[in-house]
Amino acid sequence: MTEPRALIEDWFPIRMVSVESQRERGASSALPPLYFLHVWWARRPLIASRAAVLGSVVPAWSEDWPDEMLRLFLTEKDYREWFVGLLGIQGDPVAARKRIREANEKGIRLKKAYDGPRAFTVGPEAEQIETLRHLLAYRWGTRNPAILDPAAGGGSIPIEAVRFGLPTEANELNPVASFVLEATLRLPARFGPDLAEDIARWGKVWSSRVEKRLDPYFPRQPGESIHAYLFARTVACPETGKSVPLSPNWWLLRGRRRVTAKLIADSDRDECNFEIVEGDAIDFDPDEGTVSRGKGRSPWTGNVIGGDYIKAEAQAGRMGAQLYAVAYKKGRKLDFRLPDQADLDALAVGQVDLERAKGEWLGDGVLPDEDIPLGSKTPEPLRYGMSSWDQMFSPRQLLVLGIAVEELGKLETELHRSRDSSGARAVATYLATALDKGINYGCTLSSWNAPRGIVRSVFDRHDFAFKWSFTEFDGAHNLFPWAVDQVVNAYRGIANLIEPSRQVFYPAHPETASELVEVRNGDAADLPLEDGSVHAVVMDPPYYDNVQYAELSDFFYVWLKRTAGHLYPEFFDTELTDKASEAVANPARFAEFATTPKNAKELARQDYEAKMTNIFAEAHRVLRDDGVLTVMFNHKKTEAWDALGMSLIKGGFEILSSWPVHTESEHSLHQAKKAASASTILLTCRKRPTHSKPVWWDDLKNEIRRTAREKAAEYTAEGVEGVDLYIATFGPVLSIISRQWPVLTSEVNPDTGQPVELKPEDALSLAREEVADFRLRGLALGRSVEFDPVTDWYLLAWDAFRAVQFPYDEARKLAFASGIEIEQLRRIRLVIKKAGSVVLQEPKERRPKFADPEGDSFERLIDAAQALMNAWREDGIVGAEAFLKRTRLSSDTRFRSLLQALINAIPRTKKGSQFIRPEAAALDALTHLFPNLEIPEEPGREPQPTQGSFDLPARRG
């Protein structure tokens, strides 16, 4: 290329951006304000988005720069340090992260670990902006290059572009996301922080009017504030006909303070009683609830209540709910009591009054009675009798929301009389947002979080998980004051992020900063933009099948249509959201056409690939010939990467760089049964020159292998590990085949007689094999050791997934890379299959057949190692010594190397002073018998592998 390369094509501060991304998401209370405004299911960290945007538009440093540019940055090091400062990163966050880990290991709490604030909170200074403009003018010939995010979602990418004064197009197909983008981008840029006071003032008027009407339905005892009402769903006992409250457990608080509800089935009554029990008085197991895995247990008879019976009762409208506890505060202390008669009477009156008002409300469009469509995420509520959206709420919850919608409509008339139409529309937008918070926390799918003593929202996960026990806010006195306060604080935080840019770029008329961003609601494959009008496309596309956005957002759409539909008629003009045009892999859309579930998944994959190809082709059209496309992608499935890679190639792009950034919170990933990917991969692409001569796959294999191995070493040195290391190599591999496309295989299409084009998945599988070989050497501290295929797989599974449970298909692919079949692992009980996952078995679960400590010889090295662990577990060090003496394994160098590799592969995570995994505990004890074994310096992190030559090993299998 003759034009200057983008900085992100040559260099990216992986470790600094990774640490700041984790820091940004490390504590829920300190998340960016965007997260608190409205639910969106897949926001990227602001710092990673900022780095992607700026890295795509500023040029890479060059010693051939004009003199005036070199005067700004004499060396490449100077330039990179300036860029890190532009990102808002202060000090050395990588060193700070290390200090924190060391302190945590020693049980020390640091007063201050980082040298500066979270990077996302730091806005650009005027001098930085002026330098940035010089760089942009040099690179693009304009100080204001246009940025496009065609799938803008929750707004992380466009808000960072706006903060640096870059003209931005934020497009979204989903109308709920478009509404959120308006509230996140345009309105704060238009009105600034001062609007927060208006939202708070009018929100107080609205919530006080709601309170006045609802006060009789939420009685309180003197001096108390109701924190939550706790309900258990009920069905009639099949044998006695008496009411059975269904709850998986009865905990009210579970932590330093332990409080529970005790169920009492008195034969003289038709309904169960409860008692509040605390601390040492708890003489039963609160974890023994009355429902598990969809089946109930009758407290009247002790017999099982079948899941089919429960579903049938729910679908017939005979599932009820029993209020069994009230969480309240007097002062600041959270406490619990049983419901009194006033509570029960208020519930009954609320149900009667809802029935009285419901007909009129449905006729006036106040309540959402649209049917819930069958999809990938909706079967569970449908299974339990929720066939329309209003049925996700209890009668009193619907009464609360109906009154809130009515009062919001009345308030708008006054709003328009008190201020100009644009300001009134803005305030009404945020009050509609507050009502959405009300439905998210005031629904029968919201639940009680006993460890924290708070209400969980409907979307604590990305689905409509049915809740056997649910919670209800005090809808009169607490729900909407809290919701308004949340929205006001979120708005103020967002506006404060944007405010410095408003003052820098539009000091005379800050309100015109809203001209920086255009929010569009439409298909990313059909944009109303001119050819070649965009300088950089930066996007975070839908991640294959990770989130079914349209299905989930219908929950909000049906309410927003009633509260904000007249404000944004272009967003809310259909009954529900558009699922047919959505670029996600959704098998439910193809169930009626498919012969098997597997076929439906394949059709969904093809649909996703086709839609993403059209989106990338449209990006290709609107992008300048020297423009840059940067894609942020996070998925652990190879088929997702296969579809993305093929879409980029078919869309006309080649991948020029790939950078793995650790973006996910460690709090959500480091769990025993969660093998999620922690890294988002940034792929930077350019328009691909047309090649007249195809390339053969066999001619590229060695380059793929070498690149995968070299990148694995490079990324390991940057702290990338586990499944993320495999995924991180996918970008460089896709770069090779995208640059030389078309790539042909030796396979011939029988219909055309022509060679078949390569599937990107084949190249990714080859890369996976190379990373597997690289990691095996790393686990053995750089030694080249030949174990056996099963032992190899076991080591690689722990190393890659850092979890006992992970997807079956990923286990199968890793087995292929190790030269074995997954069914072989099941036959020897190294794993068991559980739904769509496999679960690693503990050594004791493989005894006596495969890991017998009394055995003398073992078919596989991992069997011998687990037998040794069993010997230690049963008879301590003495038993382990006897086992080693009998088997003569203590002098076996391969066996010693295996123990070292196991120490490095199995997470050494502790809870208190105890290892979570029994294998880690055994290995730690066995180091006394093998003094040359090395313990990793950091918990859960292995030493860096010795980097030797990159000779290609013989291919496995």
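Structure report, in brief. (Residues numbered from 1 in each chain as written. Predicted model: local features only at pLDDT ≥ 70, side-chain atom pairs only at ≥ 80, totals over all residues. Heavy atoms only, no water.)

### Observations regarding the nonpolar core
Judged by nonpolar contacts, the single largest core of 165 residues is most densely connected at Leu629, Trp641, Leu648, Trp793, Phe895 and Leu902. Considering each element in turn, this core owes the most residues, eleven residues, to helix H29 (residues 861-887). Here phenylalanine 895 is in contact with Leu861, Ala864, Ala865, Leu868, Leu884, Leu889 and Phe930, once residues within four sequence places are set aside. (Core = buried A, V, L, I, M, F, W, Y, C linked by side-chain atoms within 4.5 Å. Buried < 20%, exposed > 50% of the residue type's maximum accessible area, 1.4 Å probe, protein only. Helix = DSSP H or I, 4+ residues; strand = E, 2+ residues; numbered from the N terminus. Contact = heavy atoms within 4.5 Å.)

### Notes on the packing of helix H26 (residues 789-801) against helix H27 (residues 808-818)
In the contact formed by H26 and H27, the axes pass within 9 Å of each other and the chain directions differ by 135°. The orientation of H26 relative to H27 falls into the category oblique. Every pair of crossing elements has a handedness; the one defined by H26 and H27 is right-handed. Between H26 and H27, the residues in contact are Pro789, Asp792, Trp793, Leu796, Ala797 and Phe801 and Glu810, Ala811, Leu814, Ala815 and Ser818, respectively. By residue class, the composition of the contact of H26 with H27 is eight nonpolar, one polar and two charged. (Axes fitted to C-alpha atoms, helices over the stretch in contact; angles between N-to-C directions. Parallel < 35°, antiparallel > 145°, perpendicular 65-115°, else oblique. Left-handed = near helix turned anticlockwise from the far one by under 90°. Nonpolar A, V, L, I, M, F, W, Y, C, P; charged D, E, K, R; others polar.)

### Some thoughts on the sheet that holds strand E23 (residues 755-757)
An order of E21-E22-E23 is seen for the three strands of this open sheet, with the pairing classed as mixed. Lying at the two open borders of the sheet, with one neighbouring strand each, are strand E21 (695-696) and E23. The sheet contact formed by E21 and strand E22 (residues 743-748) spans two bridges and is parallel. Opposite valine 695, over in E22, you have valine 743 as the bridge partner. (Pairing = 2+ DSSP bridges.)

### Notes on the pattern of salt bridges
A full pass over the atoms with the stated rule returns 65 salt bridges. Glutamate 224 is the partner of arginine 337 in a salt bridge, and the nearest nitrogen-oxygen pair spans 2.8 Å. Residue arginine 337 is found in strand E12 (residues 333-337), and its partner glutamate 224 is found in the loop between helix H11 (195-214) and strand E3 (225-236); the two are separated by 113 residues along the sequence. Take arginine 337: its relative accessible area is 9%, and that puts it in the buried class. Because the salt bridges share partners, they merge into one network encompassing Glu602, Arg605, Glu609, Asp642 and Lys650. (Salt bridge = Lys/Arg side-chain N within 4 Å of Asp/Glu carboxyl O.)

### Notes on helix H6 (residues 76-86)
Every buried residue of H6 is accounted for by Tyr79, Trp82, Phe83, Val84 and Leu86. The inward-facing, buried residues of H6 abut helix H1 (7-10), helix H2 (14-25), helix H4 (46-57) and helix H8 (126-140). Immediately downstream of H6, the backbone of glycine 88 shows phi near 90°, a positive value.

Any functional reading would require information that these geometric values do not contain.
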